[in-house]
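Reading the structure
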Amino acid sequence: QVQLVESGGGLVQAGGSLRLSCAASGRALSSYDMAWFRQAPGKEREFVGAWIQRGGRTNYADSAKGRFTISRDNAKTTVYLQMRSLKPEDTAVYYCAAAYQSSYFHTDSNWYMYWGQGTQVTVSS
């Protein structure tokens, strides 16, 4: 199995940028598809974006398209979520998650087996 640890969250003004990291240990990320989710207070956890091994493709929620980018380092141990043009509605705890490889993007959190502890992102207006 794989252990995931997120970092990089913090407080940023609207319009600013943050890069979240998800460091993996225990097993190489090359075995997994990765996703980012977020959960705001009083709301359900929602899909932000995913990266799948087969083809190295990415997919994003409409709220993230054009502003967020998922990437992976060459050592295949860390996945990133680059967030730009942040809005107050992006405020949430952000989680990375891993699932065994698939040919399809999965937006349902139940698909993912491994989760990090989350990192808080707060965007002030």
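Residues numbered from 1 in each chain as written. Predicted model: local features only at pLDDT ≥ 70, side-chain atom pairs only at ≥ 80, totals over all residues. Heavy atoms only, no water.

**A word on the environment of Gln101**
Mapping Gln101 onto the fold places it in the loop between strand S9 (92-100) and strand S10 (114-115). According to the relative accessible area criterion, Gln101 is partly exposed, its value standing at 33%. Distance from Gln101 to Leu11, taken between C-alpha atoms, is 33 Å for residues 90 residues apart in sequence. Setting aside anything within four residues of it in sequence, one finds Gln101 in contact with Ser30, Ser31, Tyr32, Asp33, Gln53 and Arg54. (Helix = DSSP H or I, 4+ residues; strand = E, 2+ residues; numbered from the N terminus. Buried < 20%, exposed > 50% of the residue type's maximum accessible area, 1.4 Å probe, protein only. Contact = heavy atoms within 4.5 Å.)

**Things to note about the nonpolar core**
In this structure, Leu4, Met34, Trp36, Phe68, Leu81, Met83 and Tyr94 are the most contacted members of the largest nonpolar core, which totals 29 residues. Of all the secondary-structure elements, those providing two or more residues to this core are strand S3 (18-25), strand S4 (32-39), strand S5 (46-52), strand S7 (68-72), strand S8 (78-83), S9 and strand S11 (119-124). Look past the residues within four positions of Leu4 in its chain and what remains in contact with it is Cys22, Ala23, Ala24, Leu29, Met34, Cys96, Ala97, Ala98, Tyr114, Trp115, Gly116 and Gln117. Of all hydrophobic cores here, the second largest spans 8 residues; its members include Phe37, Phe47, Ala50 and Ala99. (Core = buried A, V, L, I, M, F, W, Y, C linked by side-chain atoms within 4.5 Å.)

**Brief notes about the sheet that holds S8**
In space, the 4 strands of this open sheet follow the order S1-S3-S8-S7, with antiparallel pairing throughout. Sheet topology places strand S1 (3-7) and S7 at the edges, where each strand pairs with a single neighbour. Shown here is a sheet whose adjacent strand axes are inclined to one another by a mean of 15 degrees, direction ignored. (Pairing = 2+ DSSP bridges. Axes fitted to C-alpha atoms, helices over the stretch in contact; angles between N-to-C directions.)

**Focus: the pairing of S8**
Taking burial as the measure, the 6 residues of S8 include 6 buried ones, the bulk of the element. Across the two faces of S8 the burial is the same, with Thr78, Tyr80 and Gln82 and Val79, Leu81 and Met83 all buried. When S3 meets S8, the two strands line up antiparallel, connected through 6 bridges. Opposite Cys22, over in S8, you have Val79 as the bridge partner.

**Considerations on the pairing of S11**
The side chains of a regular strand alternate, first on one face of the sheet and then on the other. Alternating positions in S11 separate cleanly, Thr119, Val121 and Val123 being buried on one face and Gln120, Thr122 and Ser124 remaining unburied on the opposite face. Sheet topology note: the strand S2 (residues 10-13)/S11 ladder contains 4 bridges and is parallel. Following the sheet pairing, Val12 is matched in S11 by Val123. Where S9 meets S11, 3 bridges bridge the pair, whose relative direction is antiparallel. When the bridges of S11 are listed, Tyr94 appears paired with Thr119.

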